[in-house]
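# Examination of the molecular architecture
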Amino acid sequence: LLGEDHDQELFDTLEHRDIPHLLLWTTKDPRGKHYVTVNQNKAGQLAARHLLELGHQSFAYIGVPLLHNARAAARLAGVKKELKAAGILLAPSAIIEEDHRFSSGRAAVEAVLNKHPETTAIICTSDYHALGVLRGLHEIGKCVPTDISVVSFNNNDFSAFTIPSITSVDLKQHDVGVHAADAIYQMLNGENMKSINIQPELRTRESSGPAKSKKHK
């Protein structure tokens, strides 16, 4: 089952019929339920920390609508947490919510830079948004990462082959699938299983670099 927000009636039915089940991609600990997930909050922190270490102070965030996407909301919460620890507040107007398409990232670039032309770092909720952002920045004459750094999430295969290649936080999608299959197998065989919270990893590539002001000191 994807996520933790399901009617209790569903769980009651599964348990009544003795059907093994577990939750995938949860963002909080679902008490009494087995789960396999990735720490989305930590992923957001990794992305923000990487850019902070490169000297960035002016951030924007481009992602999917958050209302019904707990995973994306958790990533953004991690970004905000890391920035706040560094004394930086991410302005609401610097957060752009667009549908999960290549074109969404492209369209969001102009919107965010019109409001915040001082931006030197853009964090995208996925590599799909990031690809559109790269195109949008190219079309307005911005060089990545010389003018603006871009970091995203998922570490899709194509992120290593774009120009520039995309710095991305690996959300370990393959590992989630492997652990989920193992967990169901254990449950079918009456074995005890432990819930798993996989830690994300940053894959540093060409789209992130030192903040412009830092380079020219």
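In this report, the structure presented in the accompanying data block is examined. (Residues numbered from 1 in each chain as written. Predicted model: local features only at pLDDT ≥ 70, side-chain atom pairs only at ≥ 80, totals over all residues. Heavy atoms only, no water.)

## Some points on the pattern of salt bridges
Applying the stated criterion to the full structure yields eight salt bridges. Among the salt bridges present, the one from D147 reaches K212, with a minimum N-O distance of 2.9 Å. Here K212 lies in helix α7 (residues 212–215) and D147 lies in the loop between α5 (127–139) and β6 (149–153), a separation of 65 residues in the sequence. The exposure class of K212 is partly exposed, given its relative accessible area of 36%. One salt-bridge network, held together by shared partners, links D170, K172, E201 and R203. (Salt bridge = Lys/Arg side-chain N within 4 Å of Asp/Glu carboxyl O. Helix = DSSP H or I, 4+ residues; strand = E, 2+ residues; numbered from the N terminus. Buried < 20%, exposed > 50% of the residue type's maximum accessible area, 1.4 Å probe, protein only.)

## A short note on the side chain of H129
Structurally, H129 is set in helix α5. Judged by its relative accessible area of 0%, H129 is buried. When residues no more than four places from it in sequence are discounted, the contact partners of H129 are I62, G63, V64, E98, D99, H100, S104, G105 and C124. (Contact = heavy atoms within 4.5 Å.)

## Examining the packing of helix α4 (residues 102–115) against α5
Relative orientation of the contacting elements α4 and α5 amounts to 50 degrees, with a least axis distance of 6 Å. Considering their axes alone, α4 and α5 lie oblique with respect to each other. Of the two possible hands of crossing, α4 and α5 adopt the one that is right-handed. Here F102, S104, G105, R106, V109 and L113 of α4 lie close against α5, whose contacting residues are Y128, H129, L131, G132, V133, R135, G136, L137 and E139. When its residues are assigned to classes, the contact of α4 with α5 shows seven nonpolar, five polar and three charged. (Axes fitted to C-alpha atoms, helices over the stretch in contact; angles between N-to-C directions. Parallel < 35°, antiparallel > 145°, perpendicular 65-115°, else oblique. Left-handed = near helix turned anticlockwise from the far one by under 90°. Nonpolar A, V, L, I, M, F, W, Y, C, P; charged D, E, K, R; others polar.)

## Considerations on the sheet that holds strand β8 (residues 196–198)
Within the open sheet, the three strands sit side by side as β1-β2-β8. Their pairing is parallel. Either end of the sheet is taken by a strand with one partner, and the two such strands are β1 (23–24) and β8. One ladder, built from three bridges, connects strand β2 (residues 35–38) with β8; its direction is parallel. The residue bridging T37 from the neighbouring strand is N197, located in β8. (Pairing = 2+ DSSP bridges.)

## Considerations on the environment of R71
With respect to the secondary-structure elements, R71 resides in helix α3 (residues 70–85). C-alpha separation for the pair R71 and H50, spaced 21 residues apart in sequence, amounts to 20 Å. R71 has contacts with L2, W25, T27 and Q40, leaving out every residue within four places of it along the chain.

## Comments concerning the state of the cysteines
Applying the stated criterion across every chain yields a total of zero disulfides. Note on C124: no disulfide assigned, nearest cysteine sulfur contributed by C143 at a separation of 16 Å. C124 sits in the buried class, given a relative accessible area of 0%. Residue C143 is classed as partly exposed on the basis of its relative accessible area of 36%. (Disulfide = S-S within 2.5 Å.)

## Considering the nonpolar core
The biggest cluster of nonpolar side chains holds 47 residues, and the ones touching the most others in it are F59, I123 and F153. For this core, the leading source of residues is helix α2 (residues 40–53), giving six residues. (Core = buried A, V, L, I, M, F, W, Y, C linked by side-chain atoms within 4.5 Å.)

## Describing the sheet that holds strand β7 (residues 167–170)
Backbone hydrogen bonds hold the strands of a sheet together, and the pairing may be parallel or antiparallel. With respect to topology, six strands assemble into an open sheet ordered β4-β3-β5-β6-β7-β9, the strand pairing being mixed. Two strands in the sheet have a free side with no partner beyond their single neighbour: β4 (95–97) and β9 (201–203). The mean angle between the axes of side-by-side strands here comes to 20 degrees, regardless of whether they run parallel or antiparallel. Looking at chain direction, strand β5 (residues 121–124) and β6 are connected through three bridges and run parallel. Residue pairing for β6: A121 is matched across the bridge by S149. Those strands touched by α2 are β3 (59–63), β5, β6, β7 and β9, and its axis lies near 165 degrees from that of β6.

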